[in-house]
Amino acid sequence: MHEIISKDSLKNLLRDCWSLQLKKVTEWHQNEPGLFLDELDDQSDLRDIVLAQHLCNFKLWHVEDKARRTDVSPEVIANCKREIDGLNQQRNDLIEKMDAWLVQRIETILPKEAKTRYNTETIGSALDRMSILSLKIYHMQEQTQRQDVDKEHITRCREKLVTLWEQHEDLGQSILDLIEEYALGLKRPKVYFQFKMYNDPKLNPELYSRSKG
């Protein structure tokens, strides 16, 4: 039996999660930790799961930057692609873990007569988008502080930064609104846990055809 959580407590917890995403982007650029997926279990707090998933996005961001270089060997790019593949798998696994945690708790605030209406996006997927936005905000802020570019570049980046903050605020409010809809019985949470095929040697033809051959 999972703990009963109130609607307001759940909202505050979610606010904590995206505040931590913003905070950790800055901290991790000073001291990047290793992945800590093995530290998660069924008793893990949502904040811990969110930060583990956020760290996957953080690492993905920088590996994907490196993968776009043209002054390195094909071997370096190939290694980047493999790292991206692994991080993406972990990222998606952790989105599902966030959703599993949330659905179990949302059930405790859901009225029995809640309507069979579903949202187009899970809260876990929305938290993933908040993670990406926090990374965009940090790196766009960096662009506004560069000394090696013209004023036009700085101005454009400042304008984009304003938009990114607006997106962050709007998405956060949308998540809180969805919690409210659940509590009112207007919608139900539902998660289709994904069946990732590309890393499964039984489902990816590029893998199983070669293992047989």
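See above for the structure.
**Description of the side chain of Arg-105**
And then number 1: Residue position: Arg-105 is located in helix H3 (residues 74–106).
And then number 2: Classification of Arg-105 by relative accessible area gives buried; the value is 5%.
And then number 3: A distance of 3.3 Å separates a polar atom in the side chain of Arg-105 from a polar atom in the side chain of Gln-104.

**Considerations on the state of the cysteines**
And then number 1: Taken as a whole and judged by the stated rule, the model has zero disulfides.
And then number 2: Free cysteine Cys-56: the closest other cysteine sulfur is in Cys-17, separated by 15 Å.
And then number 3: Looking at Cys-56, the relative accessible area reads 0%, which means it is buried.

**A closer look at the pattern of salt bridges**
And then number 1: According to the stated counting rule, one finds 13 salt bridges in the structure shown.
And then number 2: Notably, a salt bridge pairs Glu-27 with Lys-23, separated by 3.9 Å at the nearest N-O pair. Remark: Lys-23 and Glu-27 occur in helix H1 (residues 7–30); sequence separation between them is four residues, near one turn of the helix.
And then number 3: Overall, the relative accessible area of 33% leaves Glu-27 in the partly exposed class.
And then number 4: Between Glu-181 and Lys-187 there is a salt bridge; the shortest N-O distance is 3.6 Å.
And then number 5: Judged by its relative accessible area of 25%, Glu-181 is partly exposed.

What counts and how
Residues numbered from 1 in each chain as written. Predicted model: local features only at pLDDT ≥ 70, side-chain atom pairs only at ≥ 80, totals over all residues. Heavy atoms only, no water. Helix = DSSP H or I, 4+ residues; strand = E, 2+ residues; numbered from the N terminus. Buried < 20%, exposed > 50% of the residue type's maximum accessible area, 1.4 Å probe, protein only. Polar contact = N/O pair within 3.5 Å; in protein donor to acceptor, adjacent residues only side chain to side chain. Disulfide = S-S within 2.5 Å. Salt bridge = Lys/Arg side-chain N within 4 Å of Asp/Glu carboxyl O.

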